[in-house]
Amino acid sequence: MTVLVTGSRGKVGSHLIGLLHAQGIAVRAGSADPSKLTLPAGVSSVPLSLDDPAGFPAALDGIESVFLYCEPSHVDAFVKEAEAAGVRHVVIMSSDAVLLPDAADNCIAAPHLAVEQAFAGTSITTTPLRCGALAGNALPWAWALRAAGAVNLPFPDSYADPVNEKDIAEAAFAALTKPHFQGRSYHLTGPEALTFAEQVRIVEAAAGRNVPVRVVTPEAWKAARAGYIPADIADQLLVLWAQDTEPLKLTGDIEELTGHPGRTFADWAQENADAFRG
């Protein structure tokens, strides 16, 4: 089996490549700029950008399984080329936003839903991993600390279910290598529901420093991120955070797939503590 990993520079993709390679599974790392990849010896790379179908045939040639990030712009072309290449199974890194009642009209959910639906009725088995909030979403707080000396939060008491990117990679590894997991969808959450304020306190403990929180209006938060987050995405995030005032429902899907409980946010904070000390 040869596995194509898209988004190979990402936290999940890069860790997944290491897991597959360590088990002797042939891996092809897809990246828009393969020259920036740091790969284990023996792992091949290929130019691949999911918003440019010109690279699909070469990337998929000889591939049996794919780990796919959700980019819907040319997903129909990707599916067509994957079928032509004989791909049998695709693990999709999706979002739990697709579980929302308004998923088709939700600007966060819709791109993920479109990718999932593009494989419906094809010969390819799919295994969507519908991920909750990534633990790594907290990393920009380190940049805010260096730039402004505080973390700006519009809804500090809003809950999230931070899921460690390593757990997602391990879940993807299980889905790619163990047939009895394939063809189902999984809702991946972290092992605990935490407010943003609680996450900040955990980062403080790991970094050994004070992390001030500045409560800002939703409008101010959105304006400060105008150059980084599209306006519709920012609006949808603010709506979700305003609604998530109770602990989120957690699942055991990570443990089912990996055989161990999900890593805690404190684990992530310890691994990334240096970023908050600078």
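Predicted model, so just to flag it, every value in this text is computed and none were measured. (Residues numbered from 1 in each chain as written. Predicted model: local features only at pLDDT ≥ 70, side-chain atom pairs only at ≥ 80, totals over all residues. Heavy atoms only, no water.)

Q: When you look at empty space enclosed by the protein in this model, what are you seeing that I'm missing?
A: Any empty space left between atoms is shown by rolling a water-sized probe over those atoms. Under the definition given, this model contains one cavity of 30 Å³ or more. The volume enclosed by the largest cavity comes to roughly 50 Å³. Taken together, Leu50, Phe56, Leu68, Tyr69, Glu71, His74, Val75, Phe78 and Val115 make up the full set of residues lining the largest cavity. Class assignment of the residues belonging to the lining of the largest cavity gives a composition of seven nonpolar, one polar and one charged. (1 Å grid on protein atoms, 1.4 Å probe; cavity = no way out; pocket = protein on both sides within 12 Å on 5 of 7 lines; lining within 4 Å. Points joined across faces, edges and corners; volume = space filled by probe spheres on them. Nonpolar A, V, L, I, M, F, W, Y, C, P; charged D, E, K, R; others polar.)

Q: Sorry, what's going on with the sheet that holds strand E4 (residues 65-69) here?
A: The pairing of strands in a sheet comes from backbone hydrogen bonds and takes either a parallel or an antiparallel form. Read across the open sheet, the seven strands follow the order E3-E2-E1-E4-E5-E6-E9; overall the sheet is parallel. For this open sheet the edge positions go to strand E3 (44-47) and strand E9 (186-188), each flanked by a neighbour on one side alone. For this sheet, the mean inter-axis angle between neighbouring strands, taken without regard to orientation, is 20°. As paired strands, strand E6 (residues 125-131) and E9 are joined by three bridges and run parallel to one another. The partner of Leu129 across the bridge, within E9, is Tyr186. Against the sheet, helix H4 (residues 109-118) contacts E4, strand E5 (89-95) and E6, and its axis sits at roughly 165° relative to E5. (Pairing = 2+ DSSP bridges. Helix = DSSP H or I, 4+ residues; strand = E, 2+ residues; numbered from the N terminus. Axes fitted to C-alpha atoms, helices over the stretch in contact; angles between N-to-C directions. Contact = heavy atoms within 4.5 Å.)

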